[in-house]
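Breakdown of the fold
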Amino acid sequence: MPTRRKFLTILGGGTILAATGATGFVATRTPTKALAPWQPQTYNDPRKAALSYALLAPNPHNRQPWLIELIGDDTVIIHRDEERDLPQTDPHHRQLFIGLGAFVETMVLAAGAQGYKVDLSLLPEGDDGPIASAIFSGGGNADPLAGQILQRHSNKEPYSSQRLSDNQIAVLSDFATLYIDEQQVAPIRAMTRRAFDIETNTPHTLKESVDLMRIGKAEINANPDGIELSDPLLEVLRRLGMLTEEALMDTEHPGNKAHLREYHAMLEATPHYAVLTTQNNTRSDQLDSGRQLMRLYLKATEAGIGLHPVSQALQEYAEMKEEYALAHELLAPKGHTVQMLLRMGIGPEPVATPRWPLESRIIENT
Ligand SMILES: Cc1cc2nc3c(=O)[nH]c(=O)nc-3n(C[C@H](O)[C@H](O)[C@H](O)COP(=O)(O)O)c2cc1C
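Residues numbered from 1 in each chain as written. Predicted model: local features only at pLDDT ≥ 70, side-chain atom pairs only at ≥ 80, totals over all residues.

Another point: the overall build of the protein. For the protein, the count of helices and strands is 14 helices and eleven strands. Projected onto the principal axes, the alpha-carbon positions of the protein cover approximately 60 × 50 × 40 Å. For the protein, the residues scored as buried account for 43% of the 366 residues in total. For the protein, long-range pairs separated by at least 24 residues make up 78% of all intrachain contacts whose partners lie at least 6 apart in sequence. (Helix = DSSP H or I, 4+ residues; strand = E, 2+ residues; numbered from the N terminus. Buried ≥ 20, exposed ≤ 12 C-beta atoms within 10 Å, placed from the backbone. Contact = placed C-beta atoms within 7 Å.)

Of all residues adjacent to the ligand, which total 17 residues, the nearest are Pro58, Asn62, Ser154, Pro309 and Ser311. Counting residues per element, the shell around the ligand draws most heavily on helix 5 (residues 94-113), at four residues. (Near = placed C-beta within 6 Å.)

One way to put it is that helix 5 packs onto helix 13 (residues 283-302) with a least axis distance of 6 Å and a crossing angle of 55°. By the angle between their directions, the pair helix 5 and helix 13 is classed as oblique. Two packed elements cross with a definite hand, and for helix 5 against helix 13 that hand is right-handed. Of helix 13, the residues touching helix 5 (which contributes Arg94, Phe97, Ile98, Gly99, Leu100, Gly101, Ala102, Val104, Glu105 and Thr106) are Arg283, Gln286, Leu287, Asp288, Ser289, Gly290, Arg291, Leu293, Met294 and Arg295. Looking at side-chain class alone, the contact of helix 5 with helix 13 contains eight nonpolar, six polar and six charged residues. (Axes fitted to C-alpha atoms, helices over the stretch in contact; angles between N-to-C directions. Parallel < 35°, antiparallel > 145°, perpendicular 65-115°, else oblique. Left-handed = near helix turned anticlockwise from the far one by under 90°. Nonpolar A, V, L, I, M, F, W, Y, C, P; charged D, E, K, R; others polar.)

Another point: the nonpolar core. Judged by nonpolar contacts, the single largest core of 70 residues is most densely connected at Met107, Ala110, Val275 and Leu341. The leading source of residues in this core is helix 5, at 13 residues. If near-sequence neighbours (up to four positions away) are discounted, Leu341 is found in contact with Tyr273, Val275, Pro309, Val310, Ser311, Ala313, Leu314, Ala327 and Leu331. (Core = buried A, V, L, I, M, F, W, Y, C linked by C-beta atoms within 7 Å.)

As a further point, take helix 7 (residues 182-201). Across its 20 residues, helix 7 extends 28 Å between first and last C-alpha, which sits within 8% of the 28 Å expected from 1.5 Å per residue. Here the buried face of helix 7 lies against strand 5 (177-179), helix 8 (203-211), helix 12 (254-268), strand 8 (272-278) and helix 14 (321-331). (Expected span 1.5 Å × (residues − 1).)

Summarising the sheet, strand 2 (residues 75-80) and strand 4 (residues 132-138) pair through four bridges and their orientation is antiparallel. For Thr75, the partnering residue across the bridge sits in strand 4 and is Ile135. The sheet contact formed by strand 3 (residues 116-122) and strand 4 spans seven bridges and is antiparallel. Within strand 4, the residue paired with Leu120 across the bridge is Ala134. (Pairing = 2+ DSSP bridges.)

Spatially, the four strands line up as an open sheet ordered 5-8-10-9, and their pairing is antiparallel. For this open sheet the edge positions go to strand 5 and strand 9 (306-309), each flanked by a neighbour on one side alone. Here the strands of the sheet are splayed against their neighbours by 30° on average, with no regard to which way each runs. The pairing of strand 8 with strand 10 (residues 337-345) spans seven bridges and is antiparallel. Bridging from a neighbouring strand, His272 pairs with Met344 of strand 10.

Let us look at unusual backbone geometry. Even without glycine at this site, Leu123 takes up a positive phi of about 45°. Take Leu123: it is sitting in the loop between strand 3 and strand 4. Of note, Lys334 is a non-glycine position whose phi angle comes to about 60°, a positive value. The topology assignment puts Lys334 in the loop between helix 14 and strand 10.

Let us now look at the pairing of strand 1 (residues 66-71). Strand direction decides the pairing type here: strand 1 and strand 2, joined by six bridges, are antiparallel. Within strand 2, the position partnered with Leu67 by the bridge is His79. Where strand 1 folds back onto strand 2 in an antiparallel hairpin, the turn is made up of three residues, including Gly72, whose phi is positive at roughly 60°. Two elements, strand 1 and strand 11 (residues 362-365), share three bridges in a ladder whose sense is parallel. Paired with Glu69 across the two strands is Glu364, which belongs to strand 11.

Spatially, the five strands line up as an open sheet ordered 3-4-2-1-11, and their pairing is mixed. Looking at which strands have only one partner, the edges of the open sheet turn out to be strand 3 and strand 11. The average angle at which neighbouring strand axes cross in this sheet is 20°, direction not considered.

Right, let's talk about helix 13 for a bit. With 20 residues, helix 13 ought to run about 28 Å at 1.5 Å a step, and its terminal C-alpha atoms sit 29 Å apart, in line with that. Burial of helix 13 is extensive: 16 of the 20 residues sit out of reach of the surface. Downstream of helix 13 by a residue or two, Gly304 has a phi angle that is positive, lying close to 70°.

Take a look at the structure:
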């Protein structure tokens with residue numbers, strides 16, 4: 001999945017931007033509407049208040065695969081939106097269930113912060129039914145992690161070579177298995193790079209990413225999900241008809257090659273990794289991993305540590321088979337499943353990604 005800020009350093013792009021009278025243009029290109037959910041509104045209904053935070057949860061390819069039913073005055077049913085699947089890179093929906101688990105955890109934390117308790121039932125009708133039902137009542141307790149929800153972002157930038165302190169390592173060890181020493185980190189880093197190259201050089205998986213790209217302010221505001229590329233230069237190239245699907249699919253294109261070099265450099269700039277595994281791989285395990293992922297992210301945010309999922313080697317399609325096996329050999333002994341692999345380190349400030357507003361995700365209010 002490309003970085004959002006620096007997708008292509010296209011030849012001649014700087015000249016084009018200069019010719020368009022750049023600076024005024026650049027200043028207007030923030031997709032404000034798509035980022036508005038990061039400033040949640042005030043709601044009288046505590047369920048809507050909690051859900052307006054839940055939709056800020058991390059999720060694969062920013063698909064936001066949740067749909068919400070509000071029943072009576074205390075119940076929420078969360079469904080998976082099956083129109084938001086990722087058939088190529090997540091054919092068994094494992095990653096989507098992790099994203100849904102993160103959504104549920106965020107809702108519970110945000111409810112607690114407002115003094116509400118949530119009586120939660122995951123998969124109340126089995127694996128093929130709703131993801132969760134939740135009954136809100138008074139008397140909840142605030143978890144300090146809730147205070148980090150609005151600050152949490154995936155940090156997809158190069159990290160410095162600064163190692164985490166012993167104290168930081170101790171704090172995060174309660175939330176994930178950490179790979180700290182270079183001897184263990186080096187083979188993981190090499191694997192993430194090979195896996196990224198496989199995803200990029202496999203047309204059906206690359207196409208899934210290209211189809212989800214939103215380039216420039218208008219496209220991002222119209223579809224605040226997927227892979228947003230808000231760089232004004234890319235918007236200009238898109239408007240000039242130079243960033244067609246064909247160009248984006250062409251791995252020999254100089255712009256794409258430049259992007260790949262940048263992405264490799266970012267993957268290289270990784271001093272540590274964090275990993276979540278489960279003994280089995282049921283839907284319930286995947287949801288629990290998502291809940292754990294959210295808590296890990298929030299604790300890392302509190303400690304000023306960057307996290308960035310790098311999931312390519314964990315993806316279940318034929319071309320990735322060898323790297324998937326290696327990931328499990330390196331990271332999940334005894335037949336366990338690696339649910340998440342994340343780069344971890346100290347990086348520049350991360351940026352917020354778009355979200356669909358709450359109202360667009362509510363399917364029933366009865
Ligand atoms: C299960 C899962 C897998 C993910 N895999 C990747 C990945 O391989 N590469 C990547 O750049 N981001 C990955 N992400 C991060 C998402 O892209 C990110 O959560 C989403 O775009 C929203 O951005 P935010 O986390 O900054 O709010 C993953 C997230 C989840 C939950």
